[in-house]
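Structural characterization, general
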Amino acid sequence: MSTRLREAAIDHLRSLKADGGEGAVRRLSLDVEVNGQVETVILSLRGQELQCISSDGRSDGHHVSAALRFIAGLEEPEDSLHPRPPSSPSIAEEPRPLSELAEALDDLLTAITRVGVKRAQYAPSVDAALERLIETAPTPTPSGLGRFVGRLRRELLSENPVRTARILEGAARLVEALRNDAPLEECIRRIDTWLGARAGVRREGELLYDRSVVEVGREWLSGAERASVERRYLVDVESGAVFREDRPRNAVASLGPCPRELHVGLAEVEAGPAPRRIRVLQYEVEPQVRAETWERLNQIADRSFAQVTDRYRRALAGEPALTEPFALIKPYRIERNGVFKAFDPEGHQLVLDRTERRGAVLAFYDLLAEGVEPSWLAGRLTDTGATVCLTPFAVGTQDGRYVRL
């Protein structure tokens, strides 16, 4: 930890003209870099006890130790924390410049455009361009870029020109941002969303304290590799906001089955497309969701499908390649004639999609055939162009019994 920050603070304090009032610092948030990796460390007082947590989920790691040394005035010289490696052929290569990544991504877009969407899944040029993109990307592949690769492969298999074009448009925006010599705030935000801190950009996330969230569904999603990310959908029972907790394979996330209730002491929410990614840092697990919590979900579920549709369209316009909105809705009625549709009191509809997660959707149909009347539905939003659809993950019944689909 560098002493320059403390020296700069002392110099600035001396320059202040205002009288120094009495005050007590109860919580500090620091961005700490150790061996080239930046993590956010939160130090807070609860009563007389010091709570320490890092955004990597550790309370006793190098980043927390560096933060404590800084606060205690025991920090080591900067060079000792970032020793220069010896000159050796075995030294790892420096990350490739972002211009190379932009070129690889641009080549992929060009390859798909030349052969067309319907032939792209069979084209060797597209396969080669995808391989080059993954090779050029930082290792491990950033979650945003990896999810783009997974979604693109899925849409090329489906031969859906509308959704494929939307994903390619989002990638083209990233190319433009990467090639901008003096990137605007929007460009920086886009690079951060796709590539994260590995691109050399570290942005402050929103910190959440003392919240209750309920997990209503989870699934495995493809990134640069198949089924490489487990995504959990968490609903804030106070605000109704939906978050996603992404767990790469062989990585650690918050513990517990689905459904479950989490009492979150501290969490960091990243800026980015809906649903925003959450990192749960301090929490307690309640495996059995309380009856009052289920009732709260029933109260906060969206009743206006026009508003759900509008939010979905705006989210797609903001980041078309990475946005995967998730919604909790309360249907006024459900139409069961062939295509299942949910309606709100004003007559606006959401089609209950059967093209994705067919097993879950068929299980949902079986429940309806058994006479189950949904009180609320939770699922991922998609569209077929003009029609917005919801793929059910979970259904809540009116009698208080809940079935996980």
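See the structure above.
In this report, the structure presented in the accompanying data block is examined.

Cut-offs applied
- Residues numbered from 1 in each chain as written.
- Predicted model: local features only at pLDDT ≥ 70, side-chain atom pairs only at ≥ 80, totals over all residues.
- Heavy atoms only, no water.
- Helix = DSSP H or I, 4+ residues; strand = E, 2+ residues; numbered from the N terminus.
- Contact = heavy atoms within 4.5 Å.
- Areas by Shrake-Rupley, 256 points an atom, 1.4 Å probe, with all protein chains shown as cover.
- Pairing = 2+ DSSP bridges.
- Axes fitted to C-alpha atoms, helices over the stretch in contact; angles between N-to-C directions.
- Parallel < 35°, antiparallel > 145°, perpendicular 65-115°, else oblique.
- Left-handed = near helix turned anticlockwise from the far one by under 90°.
- Buried < 20%, exposed > 50% of the residue type's maximum accessible area, 1.4 Å probe, protein only.
- Arc of directions from axis to C-beta.
- Expected span 1.5 Å × (residues − 1).

1. Overview of the overall build of the protein chain
- If you tally the helices and strands in the protein chain, you get 12 helices and 15 strands.
- In the protein chain, 59% of the contacts between residues at least 6 apart in sequence involve partners at least 24 apart.
- For the protein chain, the computed accessible surface area is about 21500 Å², with 50% contributed by carbon and sulfur atoms.

2. A word on the sheet that holds strand β6 (residues 242–248)
- Pairing within the closed barrel is mixed, and its five strands lie in the order β4-β5-β6-β8-β7. Put simply, the sheet's adjacent strands are angled 55° from each other on average, direction ignored.

3. Topic: the packing of helix α4 (residues 98–115) against helix α6 (residues 124–136)
- Across the interface, α4 lies against α6 with an axial gap of 9 Å and an inter-helix angle of 165°. Classified by the angle between their axes, α4 and α6 sit roughly antiparallel to one another. The handedness of the crossing between α4 and α6 comes out as left-handed. Only Ser125, Val126, Ala129, Leu130, Arg132, Leu133 and Thr136 of α6 make contact with α4, whose side of the interface consists of Glu100, Leu101, Glu103, Ala104, Leu105, Asp107, Leu108, Ala111, Ile112 and Val115.

4. Observations regarding helix α2 (residues 62–72)
- Within α2 the residues assigned to the buried category are His63, Val64, Ala66, Ala67 and Phe70. Buried residues of α2, viewed axially, fall in a sector of 160°; they line one side. Exposed and oriented more than 90 degrees from the buried face of α2 are His62 and Ala72.

5. Quick look at unusual backbone geometry
- Proline 259 follows cysteine 258 through a cis peptide bond whose omega is 0°.
- For proline 259, the location among the structural elements is in the loop between β6 and β7 (260–269).
- Looking along the chain, the bond that leaves alanine 274 and enters proline 275 is cis, with omega of -10°.
- Here alanine 227, not a glycine, exhibits a phi torsion of approximately 45°, which is positive.
- For alanine 227, a relative accessible area of 26% puts it in the partly exposed group.

6. Section: helix α7 (residues 143–158)
- Over its 16 residues, α7 runs 23 Å from end to end, which matches the ideal 22 Å to within 8%, given 1.5 Å per residue.
- Looking at α7, one finds that the buried residues are Gly144, Leu145, Gly146, Arg147, Phe148, Val149, Gly150, Arg151, Leu152, Glu155 and Leu156.
- Two residues or fewer past α7, glutamate 159 is found with a positive phi of approximately 55°.

7. Details of the packing of α4 against helix α8 (residues 161–178)
- With their axes 9 Å apart at the nearest point, α4 and α8 run at an angle of 150° to one another. Overall, the two elements α4 and α8 adopt an arrangement that is roughly antiparallel. Both α4 and α8 take part in a crossing whose hand is left-handed. Counted together, Leu98, Leu101, Ala102, Leu105, Asp106, Leu109 and Ile112 of α4 and Leu168, Ala171, Ala172, Leu174, Val175 and Leu178 of α8 form the full contact between these two elements.

8. Considering the environment of proline 138
- For proline 138, the position within the fold is in the loop between α6 and α7.
- Distance from proline 138 to leucine 98, taken between C-alpha atoms, is 9.6 Å for residues 40 residues apart in sequence.

9. Focus: the environment of valine 117
- Along the chain, valine 117 falls in helix α5 (residues 117–120).
- When the C-alpha atoms of valine 117 and leucine 157 are compared, they prove to be 9.1 Å apart, with 40 residues separating the residues in sequence.
- Excluding anything up to four places from it in sequence, valine 117 contacts Ile112, Leu156, Glu159, Asn160, Pro161 and Thr164.

10. Thoughts on the pairing of β7
- Counting buried positions along β7 yields nine of 10 residues, so the element is predominantly enclosed.
- As judged from the nine bridges shared by strand β4 (residues 206–221) and β7, these two strands associate in the antiparallel manner. Across the sheet, leucine 208 pairs through a bridge with alanine 267, a residue of β7.
- Summarising the sheet, β7 and strand β8 (residues 276–286) pair through eight bridges and their orientation is antiparallel. Each residue of the ladder has a partner; that of alanine 267, found in β8, is valine 280.

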